[in-house]
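Descriptive structure summary
Here is how the chains run, residue by residue.
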Amino acid sequence: MAIILGINAYHAGASAALLIDGKPVAAIAEERLNRVKYYANFPALAVRKCLQMGGVSFKDIDYVAVGRDASANRAKKVEYMLKHPTKLLNLVSIKKSRSALDDLRSQFAEKCGVDPDELRFKQINVEHHLAHIASAYFISPWEKSAGFSMDGSGDFVTCMLANCEGNKIDVKNRIYVPHSLGSLYTMVCKFIGYGTYGDEGKVMGLAPYGEDTYAEQFEDMVLMTEDGFELNPKYFLPFGANQGMTITEKGSMIIHRHHSDLMNQLFGEPRDPRSEIQKRDMDLSYGLQHLFEKGYMHMLNVLHRMVPDERVAMAGGAVLNSVANGKLFDQTPFRETVIQPASGDEGLALGAALYVSHVMLDQQQRYEMVDSYMGPEYSDAEIKETLDKKGISYERLDRDAMLRVTVDEIEKGSVVGWFQGRMEWGPRALGNRSILANPTLDNMKDILNARIKRREWFRPFAPSVLAERQAEIFEHSHPSPFMMHVYKIRPEWRERLVAVNHVDNTGRLQTVSREENALYYDLIKLFGEKTGVPVILNTSFNENEPIVCSPDEGAECFLRTKMDVLVIGPFVCRKPEAIPAV
Ligand SMILES: [Fe+2]
């Protein structure tokens, strides 16, 4: 029996994942526990929580797999640093975190309060993008597929193409820093006032409001080559191996300026994040997304030439671009995707652990990831205790009654906090830590924004749809269980699905099958039977914070915001003023 703990540490999205005999049993990002978004230091709480969920202790760990290998691609790094001596400073901070990782035993002792003599694990470092690809391929049911990873950068690589077969990942091509479509995206996002780590998704939502005004300038930013691409250095400041980002004392990420003065000459001053969005910013978003898609499809087509398979396993921060994912079936020969739900760097913990299990220890049995519910869950008794402590009144209902009441509330326009079972792994709420609403009400988007989410006006809300009804409502039938594809909504459904139909008539859907989440499936089915619409609006359960994890955080969010109803386990809670007369 092998116990493998995977970690991503001293890097954005610090996280931990646990495999027992090759089977993923627990995975969680540190941000959900310490409440610091994209926390980038040591995942001490996540490690503890994973061990607790798996029922094992520190001394049981055989291997610690780290999704980072500083010795990988060293020659390329040295070559780059010699060309850009000002970037040598970056190496200091990178070395600091590297030496902490080199001394993992004392990190565990210090941060988790364990006796280092108890620890007998062997540490294995896995190159960043190999961990990304492993996180997708080894959760697929496939014995063979293409493997694709793309992000800002990791271990000096920005994109990796691979052939995956059996327990092997054979790298076919790497693109190195500074040529990065992920960093290009980050650069333009910061230029138009979205400079917080993880803001790229917001700009993806803004893009369809823009027009193709800057086609020529964007065309000049990236040169597509036979088997890769190159950024035009005129537009960028050299940003070195740390991606032009640093980590604060509190463990948050700071993104530094990436754009050159030429950007200011061409487009004017960068937008102040507090100012209104102008047409220029929308047009820049449009140009950026368009160029990104072009580069993304180019690399996928290069991959298909090298690995002529119809299936591709994908991960990496850039793979969260669900708009591009929705188009790849039309623009590349790939016909099936498996995308790791935690495609950002928190997924490295799971990927590194799966790599060690399959590639290094030759684990034969594969555990397909059917759902993403790998986080903590709480008993009814624990939930009840929380509600009592907070003075929240509730009604405890059986399953059928609870579903009926929830559907009634959603139908009549209530905003419902829905907290059930194990928390999702990855950035998407997929029906266990979600806020649910009626997608057919034309004011629902504004209600959600005004009352709870306080998000930018241009960001769409997502639809969860019964898997078997997907093709009738959306123009693509390839399932998207982890909300990783954006598809066009069919014309006859656009008006009805007004609260989830984006300005370009698309939706970033979650397909829900009974096998993945029986309770959530039954809820949508019942809503469909009652209204004729087998779709529920699903947004993450939070208010400008990491998604809630514990009942305490769920209850706090319910009390703090203007959420109408909280359905937490079997308990249906209403605000005092909303208690019906009968
Ligand atoms: Fe990454």
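Structure first, text after, so check above.
Reference entry: report on the structure contained in this document. None of the values given here were measured: they were computed from a predicted structure.

Regarding its fold elements, the chain presents 20 helices and 23 strands. A globule of 582 residues ought to have a C-alpha radius of gyration of about 25 Å, and the chain, at 23 Å, matches this closely. Judged by the C-alpha coordinates and their principal axes, the chain covers about 75 × 65 × 45 Å. Across the 582 residues of the chain, 61% fall into the buried class. Partitioning the intrachain contacts of the chain with sequence separation of at least 6 by distance along the chain shows that 71% fall at a separation of at least 24.

Moving on, we get to the pattern of salt bridges. What the rule picks out here adds up to 39 salt bridges. Put simply, Lys525 and Glu529 hold a salt bridge, and the shortest N to O gap is 3.8 Å. In this pair, Lys525 and Glu529 both sit in helix α19 (residues 518-531), four residues apart, roughly one turn of the helix. A residue is classified by how much of its surface remains accessible, and Glu529, at 56% relative accessible area, is exposed. The salt bridge partner of Arg560 is Glu545, with a shortest N-O separation of 3.0 Å. Of this pair, Arg560 sits in helix α20 (residues 551-560) while Glu545 is found in the loop between β21 (535-540) and α20, placing the two residues 15 residues apart along the sequence. Overlapping salt bridges bring together Arg35, Arg454, Glu543, Glu545, Glu553 and Arg560 as one network.

A word on the pairing of strand β16 (residues 416-419). By the alternation rule, side chains of β16 split into Val416 and Trp418 and Gly417 and Phe419, which are all buried. Across four bridges, β16 lies against strand β17 (residues 433-437) in antiparallel orientation. Looking at the pairing, Gly417 lines up with Ile435 of β17. With four bridges connecting them, β16 and strand β22 (residues 565-568) associate as parallel partners. Within β22, the position partnered with Gly417 by the bridge is Leu566.

Cut-off values and rules
The residue numbers shown here count from 1 along each chain, following its written sequence. Two thresholds apply to this predicted model, a pLDDT of at least 70 for residue-level local features and 80 or more for giving and counting side-chain atom pairs, whereas whole-chain, interface and lining totals are computed over all residues. Side-chain descriptors were evaluated using all non-hydrogen atoms of the structure, hydrogens and water having been removed beforehand. A run of DSSP states H or I qualifies as a helix once it reaches four residues; a run of E qualifies as a strand once it reaches two. Both are numbered from the N-terminal end. Values of the radius of gyration come from C-alpha atoms, whereas the globule rule sets the reference at 2.2 Å times the count of residues to the power 0.38. Residue exposure (1.4 Å probe, protein chains only): buried if accessible area is under 20% of the type maximum, exposed if over 50%, otherwise partly exposed. Contacts between residues were defined by any pair of non-hydrogen atoms, one from each residue, lying within 4.5 Å. When a carboxyl oxygen of Asp or Glu lies within 4 Å of a side-chain nitrogen of Lys or Arg, that pair is called a salt bridge. In this analysis, strands are considered paired if DSSP registers two or more bridges between them.

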